[in-house]
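Summary of structural features
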Amino acid sequence: MNPLERYAPLVDDEEAFFAACERPLPSVVRVNTIKTTPARAREALDEEGVGYEPAGWHDEILKLDGRSPGTTWPYFHGWLHGQEEVSALPALAVDPEPGEFVWDACAAPGSKTTQLAALMDDTGLLVGNDNNLGRLSALRHNAERLGVTNLAVTNQDARNFSLKPFGSGQFGGYGYDGDDGDSDDDSDDAPDDAAREAFDRALVDAPCSCEGTVRKNPDVLDQWTMDHVHSVAGIQKGILRRAIQATKPGGTVVYSTCTFAPEENEAILSHALEEEACRMVEFDSPLEAVPGVTEWEGEEYHPDVTKAHRVYPHHNDTGGFFCAKLEVEA
Amino acid sequence: MSDGADGVDDEGSDAPTNSGQRFDRLPATDDEREVPGRATREEVVGWWEERFGIPPETFDGFTFWEKGKGKIWAFHGDTVDPIRIEGLGMSFLRTRQEHWKPTTNAVQRFGKKANRNVVELSGETAKRFAAGEDQEVEWDGDWGYLVVAHELVGEREPMGVGLYLYGELRSTVPKGRQESLPVLD
């Protein structure tokens, strides 16, 4: 059975939903404002005779006709980054300010990370973490190609992410010398001026069952199993909880996935709302979206999960997506 | 991606050494240097100015770090020192060799302000440089590493690093960045 069929009761127009899921996605790029402006990027595409269509809802997103973005001069210069339209939502929801301390918990290969860096004007400290070392090299490659210089790349399990490398004392001791030696003349007892204790904002773009990417990669449906949904849900809960714990009171945590499964979306938020000091906050979705669901297959979720956005492929002709914004409480 | 093999193990020695496992901040000046052979901030900023004419204030707000032998990273901000993580800012410059070599990404990011040792290519030669090809180019300036640029949307835009030797401009664009691009008029 096509796993997408389980979501028929959730969508307004089943036929349009299934039809959209079978159409391929256009090639979309985001303009990298660390290196150029949307106007110059468009001029560079014009100079080369590459056709494009602005996405309309965001100045920095362009749909290319035909050609893959990799074979253009603006791409070579790191002015453009291939990024699916809908995946630009979570970084906008994080809405970081220049100079902040921001965590991207599941960062590789880096589309959202580099978008966060651009929103921060490439200042402050952006931590791009991933548990997979191989994927980290893709993250680094992309970040450096785009000229990002405010990024620290870490390779930890996000579920028990330690801020110790950044000088946090929360696991005992300031600074992080790594070795046991006391040969250094730095005083290891004094807090470092540059030490950081908690994030201003965090993005958890969680590993998921990825049904929302079916238009890009139809194979995801063949690999889909309910067992996978359940196993990944456990990881999602752990990462979101850690993100809330590691973010300062009043700070923002955004949770996103590219799946329609309520088990991986609203259920994860409900769990976090019960276990951690946080609340759901409203935010505007620039793409057409519908609210999170409070009931699914006999389960009931926290009533506030309706503040989350579900983006379906037939609504904006994009991939599928889920995005929620939380505020950490004291 | 580990540069671990380059690093000298900290254990068993009291002398400060370079490590492939962590990022150490560059000392500000010679006087503050503890690790032999480590470049200083003053030298790094001075090198970009001397070689390419890039104003030192371009790097205000940046800190410089070494991880692995001679591999210098530029980070736009500050953090604790040392720091054991996988990456910090941008891989920026190779020191501890006879001629220091900037990275392609650093030249793309900072090279726009260069006014010395910049070779400007156009048309087919720019295309060939981006594809990683070596070619004969007229150049009567210094030999060594050059900023290689071309004109894009009315402005000079750095493409990467060329090594000019014996009348030949070698492209050092890394394999993963090489691309077959159209010829621009």
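Predicted model, so just to flag it, every value in this text is computed and none were measured. (Residues numbered from 1 in each chain as written. Chains lettered and ligands numbered in written order. Predicted model: local features only at pLDDT ≥ 70, side-chain atom pairs only at ≥ 80, totals over all residues. Heavy atoms only, no water.)

**Looking at the overall build of chain A**
If you tally the helices and strands in chain A, you get ten helices and 15 strands. The C-alpha atoms of chain A give 20 Å as radius of gyration, which agrees with the globular expectation for 330 residues (20 Å, within 12%). Projecting the C-alpha coordinates of chain A onto the three principal axes gives extents of approximately 65 × 55 × 35 Å. Burial statistics for chain A: of 330 residues in total, 58% are counted as buried. Residue pairs at least 24 apart in sequence account for 73% of intrachain contacts in chain A once pairs closer than 6 positions are excluded. Of the roughly 12700 Å² of accessible surface on chain A, 44% is carried by carbon and sulfur atoms. Considering chain A, the positive charge centre built from 26 side chains and the negative charge centre built from 60 side chains are found 3 Å apart. (Helix = DSSP H or I, 4+ residues; strand = E, 2+ residues; numbered from the N terminus. Rg over C-alpha atoms; globule rule 2.2 N^0.38 Å. Buried < 20%, exposed > 50% of the residue type's maximum accessible area, 1.4 Å probe, protein only. Contact = heavy atoms within 4.5 Å. Areas by Shrake-Rupley, 256 points an atom, 1.4 Å probe, with all protein chains shown as cover. Lys, Arg positive; Asp, Glu negative; His and termini not counted. Charge placed at Lys NZ, Arg CZ, Asp CG, Glu CD.)

**Considering the sheet that holds strand β2 (residues 52–54) of chain A**
All names here are of chain A. Strand order across the open sheet formed by four strands is β2-β3-β1-β4, with antiparallel pairing between neighbours. Edge positions in the open sheet fall to β2 and β4 (80–82), since each of these has one partner strand only. On average, each strand axis in the sheet is tilted by 35° relative to the strand beside it, whichever way the strands run. As defined by bridge partners, strand β1 (residues 27–31) adjoins strand β3 (residues 61–64) across four bridges and the pair is classed as antiparallel. Directly across from Val29, in β3, lies its bridge partner Leu62. (Pairing = 2+ DSSP bridges. Axes fitted to C-alpha atoms, helices over the stretch in contact; angles between N-to-C directions.)

**Details of the side chain of Thr247 of chain A**
Residues and elements named next belong to chain A. Structurally, Thr247 is set in strand β9 (residues 247–257). The exposure class of Thr247 is buried, given its relative accessible area of 4%. Here the side chain of Thr247 touches Ala243 through a polar contact of 2.7 Å, landing on its backbone oxygen. Excluding residues within four positions of it along the chain, Thr247 makes contact with Ala198, Phe199, Asp200, Arg201, Ala202, Thr252, Val253 and Val328. (Polar contact = N/O pair within 3.5 Å; in protein donor to acceptor, adjacent residues only side chain to side chain.)

**Focus: the confidence of the model for chain A**
Model confidence for chain A is summarised by a mean pLDDT of 93, while 93% of its residues fall at 70 or above. Scored below 50 in pLDDT, residues 172–189 of chain A shows 27 contacts in the model against residues more than four places distant or in partner chains. (pLDDT = per-residue confidence, 0-100.)

**A closer look at the pairing of strand β8 (residues 199–205) of chain A**
Along any regular strand, the residues point their side chains to alternate faces of the sheet. Residues and elements named next belong to chain A. In terms of residue burial, β8 counts as a mostly covered element, since seven of its seven residues are buried. Bridging between strand β5 (residues 101–104) and β8 involves three bridges; their strand directions are parallel. Following the sheet pairing, Val102 is matched in β8 by Arg201. Here β8 runs beside β9; their pairing, made up of six bridges, is parallel. Within β9, the position partnered with Phe199 by the bridge is Thr247.

**Re helix α9 (residues 266–275) of chain A**
In an α-helix, one turn spans 3.6 residues, which is why side chains three or four residues apart end up on the same side. All names here are of chain A. The buried count for α9 comes to seven of ten residues, which makes it a mostly enclosed element. By the burial criterion, the buried members of α9 are Glu266, Ala267, Ile268, Leu269, Ser270, Ala272 and Leu273. Buried residues along α9 sit against α8 (226–245), β9, β10 (278–281), β14 (309–311) and β15 (321–328).

**Observations regarding the packing of aromatic side chains**
The final tally for this structure, using the stated rule, is 28 aromatic pairs over all chains. Put simply, the rings of Trp47, Trp48, Phe52, Phe59, Phe62, Phe64, Phe92, Trp100 and Phe110 of chain B pair up and form one aromatic cluster. Lying across the ring of Tyr75 of chain A, Arg145 of chain A places its NZ or CZ 3.8 Å from the centre. It is Arg196 of chain A that lies over the ring of Phe101 of chain A; its NZ or CZ is 5.4 Å from the centre. (Phe/Tyr/Trp six-rings, centres within 6.5 Å; stacked < 30°, edge-to-face > 60°. Lys NZ or Arg CZ within 6 Å of the ring centre and 35° of its normal.)

**Concerning the confidence of the model for chain B**
When the pLDDT values of chain B are averaged, the result is 92; 92% of them are 70 or greater. Interface predicted TM-score (ipTM) for the complex: 0.92; the corresponding pTM is 0.94.

**Regarding the interface of chain B and chain A**
Contacts between the two partners involve 49 residues from chain B, matched on the other side by 50 residues from chain A. Together, the buried faces of chain B and chain A total about 4000 Å²; carbon and sulfur atoms form 56% of this surface. Joining chain B to chain A, the criterion identifies two salt bridges. Ionic pairing is found between Arg109 of chain B and Asp122 of chain A, a salt bridge with its closest N-O pair at 2.6 Å. The interface formed by chain B and chain A includes 22 residue pairs in polar contact (both at pLDDT 80 or more). For the side of chain B that touches chain A, the per-class residue count stands at 22 nonpolar, eleven polar and 16 charged. Relative to strand β4 (residues 87–88) of chain B, strand β7 (residues 151–154) of chain A runs antiparallel, the two being bridged by two bridges. Within β4 of chain B, the position partnered with Val153 of chain A by the bridge is Gly87 of chain B. (Buried area = accessible area lost by both parts, 1.4 Å probe. Salt bridge = Lys/Arg side-chain N within 4 Å of Asp/Glu carboxyl O. Nonpolar A, V, L, I, M, F, W, Y, C, P; charged D, E, K, R; others polar.)

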